[in-house]
Amino acid sequence: MTEANKPDQKQDRGQLRIDEEECKGCGLCIEACPPKVISMNERLNHYGYRTALYAGAGCTGCGICFIACPEPGAITVYRLVRAREVEARVANAAEGGASECASN
Amino acid sequence: MPTETAAEYVVAQARARSFYERYERKEDLQHQTHFCPGCGHGVVHKMIAKAIDDLGVQDRTIMVGPVGCGVFTYYYFDVGNVQAAHGRAPAVATAMKRSRPESIVISYQGDGDLSAIGSAEILHAANRGENITVIFVNNAIYSMTGGQAAPTTLLGMKSTTTPNGRNAATDGYPLHVSELLSTLQAPAYIERVGLGDNKQIAQTARAIKRGLENQVRGLGFSLIEVLSPCPTIWKLTPVEAQHWVRDVMEKEFRLGVFCDRTKERTEKADLRPADPGSSSHPSVGTPDLRPVTPNPALEELPRILGVAEEDLPEGNAAALADNKAIDLEVRIAGFGGQGVLLFGEVLAEAGLDAGLEVSWLPSYGPEMRSGTSNCHVRLSRQSIDSPLVTAPNVLVAMNEPSLRKFDKSVRADGWVIYNGQEFPADCVRDGVHVLALPFTELADELGDKRAANMVMLGALLEIAGALPQASIDDALRRLVKNPRWVELDERALARGRELYRESLVEV
Ligand SMILES: Cc1ncc(C[n+]2csc(CCOP(=O)(O)OP(=O)(O)O)c2C)c(N)n1
Ligand code: SF4
Ligand code: SF4
Ligand code: SF4
Ligand SMILES: [Mg+2]
């Protein structure tokens with residue numbers, strides 16, 4: 001569930017993973033992303049769609065691409081949290097608490 | 001103590017738990033929805049699933065799906081699912097919510113579904129203030145069927161049924177459902193949102209969650225109308241379609257909250273004493289008008305419906321010889337006014353009285369007083385698979401056109417009871433028995449031509465020998481209220497039996 005980043009470089013606030021098999025290449029996430037860090041892949045996926053491609057850096061973790069995307073699991077957004085928050089979140093999740101809201 | 005750099009990435013947004021992991025709609029592509037790329041339905045689905053997750057109501061949510069591109073809700077949402085007939089989702093949702101008041105019921109509907117064929121259902125559900133949440137996906141067109149105009153189609157917009165563009169003079173104006181429903185007194189919350197840009201999308205997510213939350217809090221009817229892109233039928237790219245929502249559609253369908261009674265109702269709800277019975281009340285939204293009696297317990301229903309043991313007529317089941325196989329499939333046909341339907345009713349009611357399985361299916365044209373009418377009756381010891389009688393073993397033809405319409409369908413070794421002196425020679429078939437008599441005249445001799453149906457029924461009963469006379473008498477008394485007619489019909493039935501027996505002697 002979590003991904004570490006190199007501690008020496010300045011870390012992005014967010015990270016993105018796109019499921020190439022689920023993405024239908026509609027481009028709505030590209031349109032939605034404020035810092036414009038998503039583009040369309042030149043390569044076609046297994047089903048012949050061009051799919052969305054994350055630039056690999058610059059994501060703020062805002063989550064707007066996720067809600068603009070019509071596919072349930074094509075996009076996963078990660079957000080950088082400090083250790084103390086991590087603990088709080090783990091406790092929250094254990095209580096079946098709600099996941100973070102995207103609109104900020 | 002953790003240092004500044006001790007940070008890690010955690011999932012902030014991912015597939016909602018309220019979606020299935022795989023969609024078992026087809027063999028392949030089980031990881032994708034059936035929606036076209038860029039379809040607003042997918043976005044709305046995700047927002048609903050997220051709201052269900054956030055409110056923690058997955059295990060008590062019932063999704064009522066529509067007919068239209070949104071039809072497959074049951075393949076995606078891991079909740080209770082029902083799929084309603086076109087436009088009927090609010091009626092089905094009403095039943096769900098009232099019979100299971102603790103459930104969270106969502107009526108998911110397109111604009112054709114909700115504002116055309118289902119305009120009555122939504123209007124009355126809203127007017128009753130049902131404590132349900134309606135998610136109304138308005139893409140201004142019938143998408144699933146290839147782009148016919150909907151009541152919501154914009155003026156000038158081309159569709160397969162408005163090839164030159166919608167024209168107010170012939171097609172009326174775009175229907176503003178949210179505004180219309182907001183004139184009613186019962187709804188708790190009505191908002192129109194859009195999927196036209198980031199700001200709108202974020203607001204749509206909030207509104208959908210709010211619509212569900214209102215129901216969780218028992219505040220009454222909520223409807224969230226979502227202006228939603230359909231790139232395929234609009235013939236635009238997904239991004240162009242999104243912009244069209246913002247730049248064109250929104251000009252016709254103003255965004256905003258049209259009705260909000262949640263605050264006053266929250267206060268009312270807070271004032272209410274904690275009453276365990278109140279959970280069965282559909283809504284606290286309209287407490288002044290509604291009886292606050294709780295829903296009846298399941299065990300009480302037979303009594304209320306008048307089908308409790310003690311309410312049921314005695315019945316004459318015991319009189320039926322139990323070794324006799326009974327499988328009557330009767331088609332009765334005539335013109336309107338000849339008593340075709342009553343014939344079938346008496347037969348079916350008598351069968352019921354005798355403890356048989358029965359079905360009675362009337363089938364008549366739009367004409368009320370003229371034209372043809374016919375009905376299907378089945379009586380059997382076994383449970384009946386279909387009430388349709390396509391191959392009768394008895395045809396009762398009350399006139400010649402009816403005979404000609406159905407005579408070929410009669411089974412070998414079956415019977416035709418025909419109202420006419422002369423049985424048409426070209427209708428004679430090997431292996432089919434015929435009793436042809438001028439039943440109308442014979443009834444006239446008894447006192448009224450209109451009793452011909454009962455004379456024919458008497459003949460049928462004598463031929464079939466399937467039902468105890470007591471069952472027939474009881475059925476007749478239940479269905480015919482006028483004592484003069486009961487008396488005449490009894491004589492007519494007896495005469496019919498006699499006529500059949502006489503016909504045997506002649507042979
Ligand atoms: C009783 C009945 N009448 C007509 C149809 C044909 N039909 C299927 S979907 C549809 C229109 C759906 O339009 P809408 O509700 O706007 O849904 P969309 O596909 O646009 O999301 C119609 C008329 C049907 N299935 N059942
Ligand atoms: S989370 Fe925000 S910043 Fe990151 S890719 Fe998505 S839209 Fe862009
Ligand atoms: S919005 Fe979703 S489906 Fe569309 S291109 Fe982006 S990831 Fe793919
Ligand atoms: S036809 Fe339109 S509404 Fe239907 S799935 Fe495709 S984009 Fe969506
Ligand atoms: Mg539609």
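Residues numbered from 1 in each chain as written. Chains lettered and ligands numbered in written order. Predicted model: local features only at pLDDT ≥ 70, side-chain atom pairs only at ≥ 80, totals over all residues. Heavy atoms only, no water.

Okay, the overall build of chain A next. Along the backbone of chain A there are 3 helices and 4 strands. Each helix (α) and strand (β) of chain A, taken in turn from the N terminus, gives the series β-α-β-β-α-β-α. Counting the 104 residues in chain A, one finds 43% classified as buried. Expressed as a percentage of contacts within chain A between residues at least 6 apart in sequence, the contacts between residues at least 24 apart total 56%. When the accessible surface of chain A is split by element, carbon and sulfur atoms take 52% of a total near 5,600 Å². (Helix = DSSP H or I, 4+ residues; strand = E, 2+ residues; numbered from the N terminus. Buried < 20%, exposed > 50% of the residue type's maximum accessible area, 1.4 Å probe, protein only. Contact = heavy atoms within 4.5 Å. Areas by Shrake-Rupley, 256 points an atom, 1.4 Å probe, with all protein chains shown as cover.)

Residues and elements named next belong to chain B. His-41, Cys-69, Asp-111, Gly-112 and Asp-113 are the nearest of the 16 residues found near ligand 1. Within the contact set of ligand 1, an oxygen atom lies 3.0 Å away from a backbone nitrogen or oxygen of Met-144. Notes on ligand 1: free accessible area 590 Å², of which the protein chains cover 74%. Among the elements that line the shell around ligand 1, the one with the most residues is helix α4 (residues 111-117), at 4 residues. For the shell around ligand 1, the class distribution of residues is 6 nonpolar, 8 polar and 2 charged. (Near = heavy atom within 4 Å. Polar contact = N/O pair within 3.5 Å; in protein donor to acceptor, adjacent residues only side chain to side chain. Nonpolar A, V, L, I, M, F, W, Y, C, P; charged D, E, K, R; others polar.)

The subject of this paragraph is the nonpolar core. Membership of the largest hydrophobic core comes to 54 residues, with the highest contact counts inside it found for Ile-38 and Ile-75 of chain A together with Val-44, Ile-48, Ile-135 and Ile-208 of chain B. Here the element with the most residues in this core is helix α1 (residues 40-55) of chain B; it accounts for 7 residues. Excluding residues that lie within four positions of it along the chain, Ile-38 of chain A makes contacts with Leu-16, Ile-18, Cys-29, Ile-30, Cys-33, Ala-52, Leu-53 and Cys-65 of chain A. In this structure, Val-394, Leu-457, Leu-488 and Ala-492 of chain B belong to the second largest nonpolar core, which totals 49 residues. (Core = buried A, V, L, I, M, F, W, Y, C linked by side-chain atoms within 4.5 Å.)

This next bit is on the sheet that holds strand β1 (residues 14-18) of chain A. Read across the open sheet, the 3 strands follow the order β1(A)-β4(A)-β1(B); overall the sheet is antiparallel. Edge strands, defined here as strands with exactly one partner in the open sheet, are β1 of chain A together with β1 (7-13) of chain B. Neighbour to neighbour, the strand axes of the sheet diverge by 30 degrees on average, direction disregarded. Pairing of strand β4 (residues 75-82) of chain A with β1 of chain B involves 6 bridges; the strand directions are antiparallel. Considered in β1 of chain B, the bridge of Arg-79 of chain A is made with Val-10 of chain B. (Pairing = 2+ DSSP bridges. Axes fitted to C-alpha atoms, helices over the stretch in contact; angles between N-to-C directions.)

All names here are of chain A. Across all of its chains, the model carries 5 cavities of 30 Å³ or more by this definition. If you add up the space inside the largest cavity, you get close to 110 Å³. Lining the largest cavity are 16 residues, and of these Cys-23, Lys-24, Gly-25, Cys-26 and Cys-69 sit closest to its centre. The residue makeup of the lining of the largest cavity, split by class, is 11 nonpolar, 3 polar and 2 charged. (1 Å grid on protein atoms, 1.4 Å probe; cavity = no way out; pocket = protein on both sides within 12 Å on 5 of 7 lines; lining within 4 Å. Points joined across faces, edges and corners; volume = space filled by probe spheres on them.)

For the rest of this paragraph, the subject is the sheet that holds strand β4 (residues 104-110) of chain B. Within a beta sheet, neighbouring strands are joined by backbone hydrogen bonds and run either parallel or antiparallel to one another. Residue and element names in this part refer to chain B. Sheet architecture is open: 7 strands sit in the order β3-β2-β4-β5-β7-β6-β8, paired in mixed fashion. Edge positions in the sheet fall to β3 (80-83) and β8 (256-260), since each of these pairs with one other strand and no more. Going from strand to strand, the sheet's axes swing by 15 degrees on average, the running direction of each strand aside. The pairing of strand β6 (residues 189-194) with strand β7 (residues 222-227) spans 6 bridges and is classified as parallel. When the sheet's bridge partners are listed, Tyr-189 is paired in β7 with Ser-222. Sheet contacts for helix α8 (residues 198-216): β4, β5 (133-138), β6, β7 and β8; angle to β6, the most-contacted strand, approximately 160 degrees.

Any functional reading would require information beyond the geometric quantities listed.
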